[in-house]
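The chain contents come next:
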Amino acid sequence: MKFIEDIFAKVRPNFEKGGKWEKFYYVYEAHETLFLAPNSTTSARGVQVRDAVDMKRMMMTVIIAMIPCLLFGIWNAGHQHFLAIGEVADLTDKLLMGGILVIPIVIVSYAVGLGIEFTFATIRKHEVNEGFLVTGMLIPLVMPASIPLWQVGLATAFAVIIGKEVFGGTGMNILNVALTARAFLYFAYPSQISGDVWSYIGDGQAVAGFSGATPLAIGAAAVEGTTPMVDMLNDSWTAGIYDFWNMFIGIMPGSIGETSTLMCLIGAAVLIITGVGSWKIIFSVFAGAFVMGTVCNMFGANEYMLLPAQYHLVIGGLAFGAVFMASDPVTAAQTETGKWIYGFLIGVLTIIIRVFNPAYPEGIMLAILLMNVFAPLIDFYVVGANKKRRLKRATV
Amino acid sequence: MSQNIKLKKGFDINLAGKAEKKIAELSLPETFALKPSDFVGMSRAKLLVKEGDTVKAGTPIMIDKQVEDVMYCAPVSGEIAEVVRGAKRKILEIRILADKEIQFESFSKHADVSSLSKEAVIDQMTKGGVWPNIIQRPFGVVASPQDTPKAIFISAFDSHPLAPDTNFILQGNEKYFEAGVAILSKLTSGKVHINVNKDSADFLKSSKAQINTVEGPHPAGNVGVQIHHIDPINKGEVAWTVHPYGVAQIGKLFLEGKYDASKIIALAGSEVKTPQYYKTYSGAAINKLVDGTIKEGHVRYISGNVLTGNQINSTGYLGFYHNQVTVIPEGDYYEFFGWITPTTKKLSFHRAFGLLSFLGGKNKEYTLDTNTRGQHRAFVQTGSFEKVVPMDILPTHLIKAIMAEDYDDMEGLGIYEVIEEDLALCEFIDVSKNEIQSILREGIELVKNS
């Protein structure tokens, strides 16, 4: 690949100090380092060799972990469309339909986000961080397939500027950037991201009896009702759509990437095996949700509380949130003990918000954002305990 | 009570080019150098000689203005050839043109060191050039003779990549080592601890000091990690550490009455044709060592090991505390899609996509070059530093406290317990490519001078 090296070597002087495009050095550098791992060497003092991993590879590992969710989401978006309008379609049709719906959202998310990243890097004169590679994929995966593209762009811009750059950029943000995008839409344009928006109908005519209600919407109805919620799920407009295993596999309406617990678990396996994601956080979110679900069962004041705890793990975005959002290393608790507490509380809060707060059918988004804010406090106490141990030994 | 410590955290960097246990002939280099920069914390070096003076091995040639009692002596006899200075006339190197036959300054000999008083011991050690072997914790600086440490720690093995075998480089020094331990025991109010592993030679274990066993991956051999588990340092306390080579050198000063800076060093690394040991002196120019022994190509010469050593050039000098010279390839090349291409050749503690070195097993040897493998980024990943520091310390938070210049947090999070080598693995595995060791040193300087 010598010719690529030659091309970069030829244009490099233009971007270096004194060159005519000096201002855009970091934009150039981001492109160069994409093709060519840099030739920089270690300092004369300190370690003389470095581990092979870098931020790019780490972030790319997260994106690879999301690919099962993305591919399944594309298929499912198509599948739900044809299911809702009652047409029989083959795999290609479903993928094509899903692709038409999903790919533009991915493109808009990356285009807007990277545009802002490049702008900030140029203004602030620092390297383009790889953080947005992951965020850019997370944002589409937590959107309904029917979301207007301009809203995706607006939410991405809001999240990157207000959620991240005002705090100093990658590594400095307090709130998960992708969830900030979703929360923005949730509060700014609620009609496009809640209610019957999860299945794209398009120009088609929905079949008789079609209901866009997700399991969470059914849950909200179950609070007032008398029918056991499992029965309500099983009596949905099309047979079997909300039975446990179908929900585990994820063939149901929902945000593009988050319906399938199975695909999220495959992603979790990738993150855990590669050591990029914290298994402690992922596991403890599920554990917290299951424990809180069981506690609800014990009190059982209404039908939603009586929903078997394991159902909570497969409905809504719990699995996706646990695997890809809660484990975001920047916004999560950073101490190892803190990670257990942080994850567990996210799980508990998710179920509390779902079951007890009628205003918000889904709880994981708010639970994670809330715990993002509390993560530094958890760390403060864990770090404080470490300091105290040291102080106890002191004799002076 | 001796202690048995088993460490699980850490990481062994298994590099190609281990030195074979064979001492090769090497003629004496023409020049030797004493470098003030080798002695961490020495801020104001003062020369005691000038260019053209003749010195013997053991003649004081420099002092630290802050600790004037401690002499820094010439390792060999000869003529002061050149004093190399940098910006603001800072002394960089004091070069000595060596005699063919080394002449020694004579110091008093003692057949029985046990009868010596503490004052007599300190006096001879500080004048005889061996005192700088004693490193003080906290801060990792040359110890002050005025202090009385709560304990003295000797790590009898080195777990760094390609490190020389301590048993091998100390061969023939058994009685000097024993005398050295006896002398050191006079300087502390507490115990002398010798920390050994299962491979340590019997003479290292038979001394009167307290023998502790330490097992585990690197940094198990780091004396700081051992102190943390045996008798941790708190604010206001002082402990001393000495490398086993220094212990033997101290013993020799008293038994033989001379400052003998001869040492056996390992020439190791993937770019060395036949990695093996050589006998030379402290501060030796490495030009003769690397002449004809290194493979063709663009290489980096390192005085010390790949985690904590310093880059020197092919005519540079061996550091005072170093017992090895490592030669590895330079990594100043671009690599097409190098950040994502799957490979089994690059070593990684992590298992991120395409990094398959973990499949090679523990015994596979790697050839690593000096490429940084990525660029500097903000801290993002968490939890990995904690996996390579076998201490009850939170390295990520300590480093962040230093960057924020938060003195209370630095103290609270254990800055008194660590020096650069203890966090070197953090720097190696850091995804964000921060210079952890230099950040730590800045923190130590802040706390020390506060």
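Conventions used here
- Residues numbered from 1 in each chain as written.
- Chains lettered and ligands numbered in written order.
- Predicted model: local features only at pLDDT ≥ 70, side-chain atom pairs only at ≥ 80, totals over all residues.
- Heavy atoms only, no water.
- Helix = DSSP H or I, 4+ residues; strand = E, 2+ residues; numbered from the N terminus.
- Buried < 20%, exposed > 50% of the residue type's maximum accessible area, 1.4 Å probe, protein only.
- Polar contact = N/O pair within 3.5 Å; in protein donor to acceptor, adjacent residues only side chain to side chain.
- Contact = heavy atoms within 4.5 Å.
- Domains from an automatic or database assignment.
- Buried area = accessible area lost by both parts, 1.4 Å probe.
- Salt bridge = Lys/Arg side-chain N within 4 Å of Asp/Glu carboxyl O.
- Nonpolar A, V, L, I, M, F, W, Y, C, P; charged D, E, K, R; others polar.
- Phe/Tyr/Trp six-rings, centres within 6.5 Å; stacked < 30°, edge-to-face > 60°.
- Lys NZ or Arg CZ within 6 Å of the ring centre and 35° of its normal.
- Expected span 1.5 Å × (residues − 1).
- Bend = angle between axes of the 7 residues up to and from the residue.
- UniProt positions renumbered as here; feature names shortened; annotations may be inferred.
- Axes fitted to C-alpha atoms, helices over the stretch in contact; angles between N-to-C directions.
- Left-handed = near helix turned anticlockwise from the far one by under 90°.
- Pairing = 2+ DSSP bridges.

Caption draft 1: A look at the side chain of Asp369(B). Within the secondary structure layout, Asp369(B) lies in the loop between β21 (335–336) and α8 (385–388). For Asp369(B), a relative accessible area of 12% corresponds to the buried category. At 2.5 Å, the side chain of Asp369(B) forms a polar contact with the side chain of Tyr333(B). Only 3.1 Å separates the side chain of Asp369(B) from the side chain of Arg373(B), close enough to count as a polar contact. Those residues in contact with Asp369(B) that lie beyond four places of it in its chain are Gln48(A), Val49(A), Pro329(B), Glu330(B), Gly331(B) and Tyr333(B).

Caption draft 2: Fine view of the domain arrangement of chain A. All names here are of chain A. What the domain assignment reports for chain A is domain 1 (2–35) and domain 2 (56–381). Of note, the centres of domain 1 and domain 2, computed from C-alpha atoms alone, are 38 Å apart. Taken residue by residue, the interface counts nine residues in domain 1 and eight residues in domain 2. Buried area between domain 1 and domain 2, summed over both chains or domains, comes out near 640 Å², and the portion from carbon and sulfur atoms is 70%. For the pair domain 1 and domain 2, the number of links is zero salt bridges. Summed over the shared surface of domain 1 and domain 2, the number is one residue pair in polar contact (both at pLDDT 80 or more). Each residue belonging to the side of domain 1 that touches domain 2 can be placed in one class, and the counts come to five nonpolar, two polar and two charged.

Caption draft 3: Molecular detail of the packing of aromatic side chains. Evaluation of the coordinates by the stated rule reveals 36 aromatic pairs over all chains. A ring pair is formed by Phe15(A) and Trp21(A), whose centres lie 5.5 Å apart and whose planes are at 45 degrees; its orientation type is tilted. The class of Phe15(A) is buried, set by a relative accessible area of 14%. Exposure remark for Trp21(A): the relative accessible area of 39% places this residue in the partly exposed category. Taking 5.8 Å as the distance between ring centres and 75 degrees as the angle between the ring planes, the aromatic pair formed by Phe39(B) and Tyr321(B) counts as edge-to-face. Of this pair, Phe39(B) sits in the loop between β3 (31–34) and β4 (45–47) while Tyr321(B) sits in the loop between β19 (310–312) and β20 (324–329), placing them 282 residues apart in sequence. An aromatic cluster is defined as three or more aromatic residues linked by ring pairs; in this entry it consists of Phe8(A), Phe15(A), Trp21(A), Tyr25(A), Tyr26(A), Tyr28(A), Phe35(A), Phe336(B) and Phe337(B). It is Lys20(A) that lies over the ring of Trp21(A); its NZ or CZ is 5.0 Å from the centre. The cationic tip of Arg351(B) hangs over the ring face of Phe358(B); the distance from NZ or CZ to the ring centre is 4.3 Å.

Caption draft 4: Fine view of helix α3 (residues 55–85) of chain A. All names here are of chain A. Counted at 1.5 Å a residue, the expected span for α3 with its 31 residues is 45 Å, and the 44 Å between its end C-alpha atoms agrees. At Met66, α3 shows its strongest bend, of approximately 35 degrees, with the proline Pro68 following within four residues. With 26 of 31 residues buried, α3 lies mostly within the body of the structure. Positive phi appears at Gly86, one or two residues downstream of α3, with a value of about 75 degrees.

Caption draft 5: Examining the UniProt feature "modified residue: FMN phosphoryl threonine" (unreviewed entry) in chain A more closely. All names here are of chain A. Per the UniProt entry, the sites bearing "modified residue: FMN phosphoryl threonine" (unreviewed entry) are Thr214 in this numbering. What makes Thr214 buried here is its relative accessible area of 11%. Setting aside anything within four residues of it in sequence, one finds Thr214 in contact with Trp198, Tyr242 and Pro253.

Caption draft 6: Here's a closer look at the domain arrangement of chain B. All names here are of chain B. Assigned domains of chain B: these are domain 1 (4–24 + 107–256), domain 2 (31–98) and domain 3 (385–448). Contact residues are listed per partner, giving 22 residues for domain 1 and 20 residues for domain 3. Summing both sides of the interface, domain 1 and domain 3 together bury roughly 2,000 Å²; the carbon and sulfur share of this comes to 63%. Contact with domain 3 buries area across many residues of domain 1, yet Lys9, Phe139 and His228 alone supply 33% of it, more than any other trio. At the junction of domain 1 with domain 3, the criterion picks out three salt bridges. Measuring nitrogen to oxygen at the nearest pair gives 3.3 Å for the salt bridge that ties Lys235 to Glu411. Remark: the boundary between domain 1 and domain 3 carries eleven residue pairs in polar contact (both at pLDDT 80 or more). Per-element tally for the side of domain 1 that touches domain 3: the top contributor is helix α5 (residues 223–230), with five residues. Taken together, the residues of the side of domain 1 that touches domain 3 sort by class into eleven nonpolar, eight polar and three charged.

Caption draft 7: Focus on helix α1 (residues 2–15) of chain A. For α1(A), with 14 residues, the first-to-last C-alpha span of 20 Å sits near the 20 Å given by 1.5 Å per residue. Residues of α1(A) that are buried include every one of Ile4(A), Phe8(A), Arg12(A) and Phe15(A), and no others. The inward-facing, buried residues of α1(A) abut α2 (25–35) and β1 (36–37) of chain A together with β21 of chain B.

Caption draft 8: Structural detail: the packing of helix α4 (residues 91–124) of chain A against helix α6 (residues 149–164) of chain A. Residues and elements named next belong to chain A. Where α4 meets α6, the closest approach of the two axes is 9 Å, and the angle between their N-to-C directions is 35 degrees. Considering how the two elements wind past one another, α4 and α6 form a crossing that is right-handed. Counted together, Pro104, Ile105, Val108, Ser109, Val112, Gly113, Ile116, Glu117 and Phe120 of α4 and Leu149, Val152, Gly153, Thr156, Ala157, Val160, Ile161 and Lys164 of α6 form the full contact between these two elements. Residue composition of the contact of α4 with α6, grouped by class: eleven nonpolar, four polar and two charged.

Caption draft 9: Just the interface of chain B and chain A, in detail. With 77 residues of chain B at the interface, the matching set in chain A holds 62 residues. Around 6,300 Å² of area is buried between chain B and chain A when both sides are counted, 54% of it from carbon and sulfur atoms. Counting the surface chain B buries against chain A, the share from its top three residues, Tyr334(B), Trp339(B) and Arg377(B), is 16%. At the surface where chain B touches chain A, the tally comes to 43 residue pairs in polar contact (both at pLDDT 80 or more). Every element with two or more residues in the side of chain B that touches chain A is listed here: β18 (299–303), β19, β21, α9 (395–403), α10 (407–412) and α11 (424–429) of chain B. In terms of residue count, α11(B) provides more of the side of chain B that touches chain A than any other element does, four residues in total. Counted by class, the side of chain B that touches chain A contains 28 nonpolar, 29 polar and 20 charged residues. Sheet topology note: the β1(A)/β21(B) ladder contains two bridges and is antiparallel. Its bridge partner being in β21(B), Leu36(A) is matched across the sheet by Phe336(B).

Caption draft 10: Inspection of the pairing of β3(B) at higher detail. All names here are of chain B. Both faces of β3 are covered, namely the face carrying Thr31 and Ala33 and the face carrying Phe32 and Leu34. Pairing of β3 with strand β9 (residues 91–98), which is carried by four bridges, proceeds in the antiparallel orientation. In the sheet register, Thr31 faces β9, and the bridge partner there is Leu97.

Caption draft 11: Fine view of the environment of Glu335(B). Here Glu335(B) shows up in strand β21. When its relative accessible area of 22% is taken as the criterion, Glu335(B) is described as partly exposed. Separated by 38 residues in sequence, Glu335(B) and Arg373(B) have C-alpha atoms that sit 9.6 Å apart. Those residues in contact with Glu335(B), other than ones at most four positions away along the chain, are Phe35(A), Leu36(A), Ala37(A), Lys346(B) and Arg373(B).

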